[in-house]
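Analysis of the macromolecular model
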Amino acid sequence: MRAWRGVVEWTAGQRERFVWRDGRLEPLRVEARPAPVNYGCLPGTLNPADDAEVDAVWLGEPLAVGTVREGAPAALLHLHDGDHKVIFSVGPVQGAALQGLLAWFPPERGATVQDAHAAQAWLDELAAAQPG
């Protein structure tokens, strides 16, 4: 399975959120609630559902904003609107962090977890559709 490079934009347990723009992180806003997981993106990718980099989450201990991680996807958080999130994890994709992630999305978004192969297939499909 292919490894992908991601950058953390929002640290688990924190309210201050950053955004990746033009190759660097910029402050975005302070959220009402802290992030249940480490949240970020996969630079150099594009999700047509929101016309931005593919969103990524890292389960486990808090990672500082700006942390760069490379690895193979562990799962895919699939959403009805197509704004899926690629899940990375050191261990099995289960437990409180995963439950917190699922609870973060309102029921109408239809959040479900699919396996690592589904994540890789979705990323490959997006990559094949990218110009150039």
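If you're wondering where the values come from, they're calculated on a predicted model, not measured in any experiment.

Take the side chain of His 84 next. Looking at where His 84 falls in the secondary structure, it is placed in the loop between strand 7 (75–78) and strand 8 (85–88). In this structure His 84 comes out as buried when scored by relative accessible area, which is 7%. Side-chain polar atoms of His 84 contact the backbone nitrogen of Leu 79, separated by 3.0 Å. Aside from chain neighbours lying at most four places away, what touches His 84 is Asn 47, Asp 55, Leu 76, Leu 77, His 78, Leu 79 and Trp 122.

The backbone phi angle of Asp 22 is positive, close to 50 degrees, even though this residue is not glycine. Note that Asp 22 resides in the loop between strand 2 (16–21) and strand 3 (24–30). Classification of Asp 22 by relative accessible area gives exposed; the value is 75%. Non-glycine residue Asp 51 carries a positive phi angle of around 55 degrees. With respect to the secondary-structure elements, Asp 51 resides in the loop between strand 4 (38–47) and strand 5 (52–58). Overall, Asp 51 belongs to the exposed group, its relative accessible area being 61%.

As summarised here, the arrangement of the seven strands in space is 6-1-4-5-8-7-9, forming an open sheet in which the pairing is mixed. Taken across any chain shown, the strands that pair with only one partner, and hence form the sheet edges, are strand 6 (68–71) and strand 9 (112–115). Neighbour-to-neighbour, the strand axes of the sheet open up by a mean angle of 35 degrees, direction not taken into account. Where strand 7 and strand 8 come together, three bridges link them in antiparallel fashion. Bridge pairing in strand 8 places Leu 76 opposite Val 86.

Definitions and limits used
- Residues numbered from 1 in each chain as written.
- Predicted model: local features only at pLDDT ≥ 70, side-chain atom pairs only at ≥ 80, totals over all residues.
- Heavy atoms only, no water.
- Helix = DSSP H or I, 4+ residues; strand = E, 2+ residues; numbered from the N terminus.
- Buried < 20%, exposed > 50% of the residue type's maximum accessible area, 1.4 Å probe, protein only.
- Polar contact = N/O pair within 3.5 Å; in protein donor to acceptor, adjacent residues only side chain to side chain.
- Contact = heavy atoms within 4.5 Å.
- Pairing = 2+ DSSP bridges.
- Axes fitted to C-alpha atoms, helices over the stretch in contact; angles between N-to-C directions.

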